Amino acid sequence: MGVSSPALHDHDRLQPRPRACGRLTEQVVGAPSPSLYADLQPLAGHSAAYLGEGAAGRLGGAVEALGGRRVLLVHGRTSYLRSGAATLVDRWARRYRISHFDGVRPNPDIGQVREGVAMARRFRPDVVVGIGGGSSLDVAKAVAVLSAQPVADPLDCLRQPELITEPRRTALVLLPTTAGSGSEMTRFATVYVDGRKHSLDLPAVRADLVLVDPALTSSLPRPESIAGGLDALAQAIESHWSVSADEASRTLAVEALERLLPALARAADTGSFADPKVRADMAHGAALAGTAIDLTRTTSAHALSYELTARLGLAHGTAVALHLDWLLGRHAALDESECRHPDGAAAVRRRVEVAQNLSCESTGGSVEQLVRRLLGAAGQPVALHELSLPADTWKQPLTAALSSTRAWNNPCVLTEEDILRFLV
């Protein structure tokens, strides 16, 4: 069916495709020579992203190769120590002038970004390194770009992206300590303002160098490992059926599913993510899913998840998975009258079938069954109805989310009737 373009909302300023912004289309600093990472696996979709045990140990050499002398490390207080990243940094930190911005908390708000930008403007780093989960990486990306802008308040840039006129002046290096957000591979960052999500979406937000070391995830608690894995799983499925998808993005999404589904099934069976192969496949799958959504952006599972996170404090991956659960069935039954995908409803149904077939091969069951097993193992609700969301307070914000750009990237036209099915 024909569909007109949505209006952009302050809480969802993104585009289905990466957009250019003057000089910001180019990377600021060339990545180190690939020879430094010859024993690591290059990751598809990025010119300088590498995967492998021990990758994090290359950070000191990477900083030197980038010409860094003043390094701003952006991270959380717990994950930085727990993952072992702090020990690795201590081995080379004395060679440089180091400053730490360790004020990152989950689902970062504008206050954290303001603090980080202020520190960067005082310290004037030539390399910004983000270490942590998606929140730390998003803050590092935002700080690296927004600290270079002539606008005093970073919030003005989030609300009016056209104010971002200056190129990023620092190199940007990212090391994830979770396997799920895919933020290390994308050119956008999420910041919350008064509980509403804003997206900083520019080519300059993408890192110059990415080091993905599965060892950094080994100490991650099981609930966080599950939430990250569910986020990556949803990203892969949403990218695959996205209105913006093309052959390249669909290939990445399927490759992500081929790694994520067996790893998640193994973790569900054993109750643990300790197996090095599980960690490696999770890290690889999450990076591939991140690269896929960098091309397509996500869809309604993500669009509808943010209210659950902002208002109930649910982990992002948990919130996304609760919506993915019912959206899979909704898309499996899609007909032409409610389809906005250019390939038609039958193509969307086939893409759901691909995910389900891969799940059956890997897990012996459907994607929904795997999602519920994992949510239960994390001690989380396994279905939206368990949240008992009252319609009088939830209908309006969730229905409003259906007009966001992410929702318009969804192949199925969702309505208020869909929302009311899981409200009470």
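A brief look at the structure comes next. (Residues numbered from 1 in each chain as written. Predicted model: local features only at pLDDT ≥ 70, side-chain atom pairs only at ≥ 80, totals over all residues. Heavy atoms only, no water.)

## A closer look at the sheet that holds strand 1 (residues 41-42)
Logical step 1: If you trace the seven strands from one edge of the open sheet to the other, you get 1-2-9-6-5-3-4, paired in mixed fashion. Two strands in the sheet have a free side with no partner beyond their single neighbour: strand 1 and strand 4 (97-101).
Logical step 2: Sheet topology places strand 3 (residues 70-75) next to strand 4; five bridges connect them, and they run parallel. Note on strand 4: the bridge partner recorded for Val71 is Ile98.
Logical step 3: Sheet contacts for helix 4 (residues 110-123): strand 3 and strand 4; angle to strand 4, the most-contacted strand, approximately 165°.
Logical step 4: With respect to the sheet, helix 5 (residues 134-146) is in contact with strand 3, strand 4, strand 5 (127-132) and strand 6 (171-176), its orientation differing from that of strand 5 by roughly 165°. (Pairing = 2+ DSSP bridges. Helix = DSSP H or I, 4+ residues; strand = E, 2+ residues; numbered from the N terminus. Contact = heavy atoms within 4.5 Å. Axes fitted to C-alpha atoms, helices over the stretch in contact; angles between N-to-C directions.)

## Digging into the nonpolar core
Considering soluble globular proteins, one finds that nonpolar side chains tend to be buried as a cluster.
Logical step 1: Counting 63 residues, the largest nonpolar core has Leu230, Leu233, Ile237, Leu257, Leu264, Met282 and Leu308 as its most contacted members.
Logical step 2: Among the secondary structure elements, those contributing two or more residues to this core are helix 7 (222-241), helix 8 (247-270), helix 9 (276-296), helix 12 (316-332), helix 13 (345-363), helix 14 (367-377) and helix 15 (391-401).
Logical step 3: A total of ten residues in this core trace back to one element, the largest contributor, which is helix 8.
Logical step 4: Not counting chain neighbours up to four residues away, the residues in contact with Met282 comprise Ala179, Ser225, Gly229, Leu260, Ala263, Leu264 and Phe273.
Logical step 5: Counting residues in hydrophobic clusters, the runner-up holds 42 residues, among them Phe101, Val113, Val128 and Val139. (Core = buried A, V, L, I, M, F, W, Y, C linked by side-chain atoms within 4.5 Å. Buried < 20%, exposed > 50% of the residue type's maximum accessible area, 1.4 Å probe, protein only.)

## Structural notes on the pairing of strand 9 (residues 209-212)
Logical step 1: Residues Leu209 and Leu211 line one face of strand 9 and the alternating positions Val210 and Val212 line the opposite face, and both faces are buried.
Logical step 2: Relative to strand 9, strand 2 (residues 49-51) runs parallel, the two sharing three bridges. Its bridge partner being in strand 9, Tyr50 is matched across the sheet by Leu211.
Logical step 3: Direction of pairing for strand 6 relative to strand 9: parallel, over a ladder of two bridges.

## Side note on the pairing of strand 8 (residues 196-201)
Logical step 1: Counting buried residues in strand 8 gives five out of six residues, a clear majority hidden from the surface.
Logical step 2: Sheet topology note: the strand 7 (residues 188-193)/strand 8 ladder contains six bridges and is antiparallel. Looking at strand 8, one finds that Ala189 is bridged to Leu200.
Logical step 3: Hairpin geometry of strand 7 and strand 8 is characterised by an intervening segment of two residues between the two adjacent antiparallel strands and by a positive phi of about 55° at Asp194.

## Re the packing of aromatic side chains
Logical step 1: A full pass over the atoms with the stated rule returns three aromatic pairs.
Logical step 2: Summarising the aromatic geometry, the rings of Tyr37 and Tyr50 are spaced 4.6 Å apart at their centres and angled 25° between planes, so their arrangement reads as stacked. Taken together, the positions of Tyr37 in the segment before strand 1 and Tyr50 in strand 2 put the pair 13 residues apart, joining distant regions of the chain. For the pair Tyr37 and Tyr50, a shared accessibility class is recorded, and that class is buried.
Logical step 3: Between Trp326 and Phe422, the aromatic rings sit 5.5 Å apart at their centres with planes inclined by 45°, giving tilted as the arrangement. In this pair, Trp326 sits in helix 12 while Phe422 sits in the segment after helix 17 (416-420), placing the two residues 96 residues apart along the sequence.
Logical step 4: Positioned over the ring face of Phe123 is Arg70, at 4.7 Å from the centre of the ring. (Phe/Tyr/Trp six-rings, centres within 6.5 Å; stacked < 30°, edge-to-face > 60°. Lys NZ or Arg CZ within 6 Å of the ring centre and 35° of its normal.)

## Some details on the state of the cysteines
Logical step 1: Inspection of every chain in the model, using the stated rule, returns zero disulfides.
Logical step 2: Take Cys339: it sits in no disulfide, and the sulfur closest to it among the cysteines is that of Cys412, at 7.9 Å. (Disulfide = S-S within 2.5 Å.)

## Observations regarding unusual backbone geometry
Logical step 1: Within the chain, Asn107 stands out as a residue other than glycine whose phi angle is a positive 55°.
Logical step 2: Locating Asn107 in the fold gives a position in the loop between strand 4 and helix 4.
Logical step 3: With a phi angle near 55°, Arg124 is a residue other than glycine that sits in the positive phi range.
Logical step 4: Structurally, Arg124 can be placed in the loop between helix 4 and strand 5.
Logical step 5: By relative accessible area, Arg124 is classed as exposed at 64%.

## A few points about the packing of helix 11 (residues 305-312) against helix 12
Logical step 1: The N-to-C vectors of helix 11 and helix 12 enclose an angle of 135°; their axes lie 8 Å apart at closest approach. Relative to helix 12, the element helix 11 is oriented oblique. Here helix 11 and helix 12 pass one another in a crossing that is right-handed. Where helix 11 approaches helix 12, its residues Ser305, Tyr306, Leu308 and Thr309 are matched on the opposing element by His316, Ala319, Val320 and His323.
Logical step 2: Of the residues belonging to the contact of helix 11 with helix 12, the class tally is four nonpolar, four polar and no charged. (Parallel < 35°, antiparallel > 145°, perpendicular 65-115°, else oblique. Left-handed = near helix turned anticlockwise from the far one by under 90°. Nonpolar A, V, L, I, M, F, W, Y, C, P; charged D, E, K, R; others polar.)

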